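Descriptive analysis of the structure
In case you want the letters, here they are:
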Amino acid sequence: MPNMQKIKTTRLRFGGILAALVLLAGLVGCNGGGTTSGQSLPVQSVAGTNPGSKGTTLPPTAINSYTALPLPDEMRAMWVSFLEWDSAEIATEPALHSYAATLFSNCKQLGINTVIVAVRGFADAFYQSEVYPWSHLITGTQGQPPGFDPLAILVEEAHSHSLRIEAMVNPYRARHGMYKDVPLAENNPASLHPQWTREVNGTLWFNPALPEVTQLIVQGVREIAANYNVDGIQFDDYFYPGGIDESFDAEEYAAAGGGKSLADWRRENISGMVRQAYTAIKAANPTASFGISPAGNNQNNRDASYADVNLWMSTPGYVDYIMPQLYWGFNYQSTAGSTAAAFANKCTEWAGLPRTESVRLYAGLAAYAVQEGDGSAGDQSEWASGHILADMVAHLRSTDGFSGFALFRYAYLYNGSEAAGKELAALQAVLP
């Protein structure tokens, strides 16, 4: 989203054992049925002691009997970020039901078929979790039970409006800098294991180099897929924090780098986590999809976030789809006069990347830039045209390789402004 990681053999052995355990548990486990209640399954540890809670174990990986709604022929999605939850009155069950009913009704009327809702923007949960504490965005206090299950309500409301629902997770961000003054709960993994974290520019990150962090993330997505009737899980674009130097994970690299370059080693850390997350989700619910929404600048993905998106797109077993955030207009140009990031050029770039048949390609579109612009050094009047998002949808439909889009984000289109109203009308005219 817009701007607001032992020994080598030990590491490899850990990853292989964890993946095998996850697969085995998924094959032999048996859940009586997919549930939207968010109730924990009977306690029976598979991966060992839960790294997020002292002395507790996770429920087993069980195959959720819910058959997820499949990825549509054309993805028409709306992102609902943690910022929506931050600004909404959702502290009670009736209030969240009402808010979600309005939100999903608006999406359905627009022609949206999928809602991608934030359920873990940092190391706290918008659902009942054995790994992460309750989110402060519900009650105002991290770790305080709200007395109801928000994700269960969101699943119920989305499906009642005939919408697919995907749970969006930020894998490595432990605490956003904007919430630096919000106390972490005692059972927050970052509280229990501060040595797993690094602070960068006010934001707290989990270190992707640590196998324990990979296990934490994998367990987190596994329990969502096992315990909730979500149709998919999506990772946001935060992996390694941008701008870090060698000191960020120097100790781990010295122990486990194995002669690889630092950049290659970091990319392997991220890709190993992604592959294990994919395996865990499929073990818990084979019908649920798994996608990632990386930054639109793929060089930054590779060299700053150490996210090897090219590998994930071209090799089965990592993702079901990639949704790059193409947040520039048709007329975008840099201060140096380059138009390489202009929307049509970015579409051509991404559509031209090697992609295995099982992976779909979608585009994230910048609803937040309506009226405000995309930071271009050139003419930005297109963002006030009242139809730029509809024009982008039309362009995607005419570009081989793309199978849909997602709009970032709901609040920017339903803020009551004249500009947003015009964009909604133009979108509704081109969406089924």
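In this report, we go over the structure that sits alongside the text. (Residues numbered from 1 in each chain as written. Predicted model: local features only at pLDDT ≥ 70, side-chain atom pairs only at ≥ 80, totals over all residues. Heavy atoms only, no water.)

**With respect to the pairing of strand 11 (residues 402-408)**
- Extensive coverage of strand 11 is indicated by the burial of six of its seven residues.
- Of the strand pairs in this sheet, strand 1 (residues 75-80) and strand 11 are connected by four bridges, and their pairing is parallel. From the neighbouring strand, Arg76 faces strand 11, where its bridge partner is Phe405.
- Once the chain exits strand 10 (residues 360-366) it traverses helix 13 (residues 388-397) before rejoining the sheet at strand 11, and the crossover so formed is right-handed. (Buried < 20%, exposed > 50% of the residue type's maximum accessible area, 1.4 Å probe, protein only. Helix = DSSP H or I, 4+ residues; strand = E, 2+ residues; numbered from the N terminus. Pairing = 2+ DSSP bridges. Right-handed = clockwise from strand over helix to strand, strands pointing away.)

**A closer look at helix 15 (residues 418-430)**
- Helix length check: helix 15 (13 residues) gives 19 Å between terminal C-alpha atoms against 18 Å at 1.5 Å per residue, within 8%.
- Those residues of helix 15 lying buried are Ala419, Ala420, Glu423, Leu424, Ala426 and Leu427. Buried residues in helix 15, looked at end-on, bunch into an arc of 165 degrees, giving them a common side. Looking at helix 15, the residues exposed on the side facing more than 90 degrees away from the buried face are Glu418 and Ala429.
- Elements in contact with the buried residues of helix 15: helix 3 (93-110), helix 13, strand 11 and helix 14 (410-413). (Expected span 1.5 Å × (residues − 1). Arc of directions from axis to C-beta. Contact = heavy atoms within 4.5 Å.)

**Things to note about empty space enclosed by the protein**
- Of the voids in this model, the largest cavity is the one considered here, and its volume is about 50 Å³.
- Listing elements by their share of the lining of the largest cavity, those giving two or more residues are helix 2 (82-87) and strand 2 (114-120).
- With three residues, the top contributor of residues to the lining of the largest cavity is strand 2.
- Its residues assigned to classes, the lining of the largest cavity comprises eight nonpolar, two polar and two charged. (1 Å grid on protein atoms, 1.4 Å probe; cavity = no way out; pocket = protein on both sides within 12 Å on 5 of 7 lines; lining within 4 Å. Points joined across faces, edges and corners; volume = space filled by probe spheres on them. Nonpolar A, V, L, I, M, F, W, Y, C, P; charged D, E, K, R; others polar.)

**With respect to the sheet that holds strand 10**
- If you walk around this closed barrel you meet the eight strands as 1-2-3-7-8-9-10-11, and the pairing is parallel.
- Two elements, strand 2 and strand 3 (residues 164-169), share six bridges in a ladder whose sense is parallel. In the sheet register, Val117 faces strand 3, and the bridge partner there is Ala167.
- Contacting strand 2 and strand 3, helix 5 (residues 150-160) crosses the sheet at an angle of about 150 degrees to strand 3.
- Running at roughly 150 degrees to strand 7 (residues 232-235), helix 7 (residues 211-227) makes contact with strand 2, strand 3 and strand 7 of the sheet. (Axes fitted to C-alpha atoms, helices over the stretch in contact; angles between N-to-C directions.)

**Structural notes on the pairing of strand 10**
- Counting buried residues along strand 10, six of its seven residues qualify, which places the element largely inside the surrounding structure.
- Handedness of the strand 9 (residues 321-322)-helix 12 (residues 343-351)-strand 10 crossover: right-handed.
- Note that strand 10 and strand 11 share five bridges and pair parallel. Across the sheet, the residue bridging to Gly364 is Ala406, located in strand 11.

**What about the pattern of salt bridges?**
- In this structure the tally under the stated criterion is 14 salt bridges.
- Residue Glu84 pairs with Arg409 through a salt bridge whose shortest N-O separation is 3.0 Å. Highlighted residues: Glu84 in helix 2 and Arg409 in the loop between strand 11 and helix 14, separated in sequence by 325 residues.
- Classification of Arg409 by relative accessible area gives buried; the value is 8%. (Salt bridge = Lys/Arg side-chain N within 4 Å of Asp/Glu carboxyl O.)

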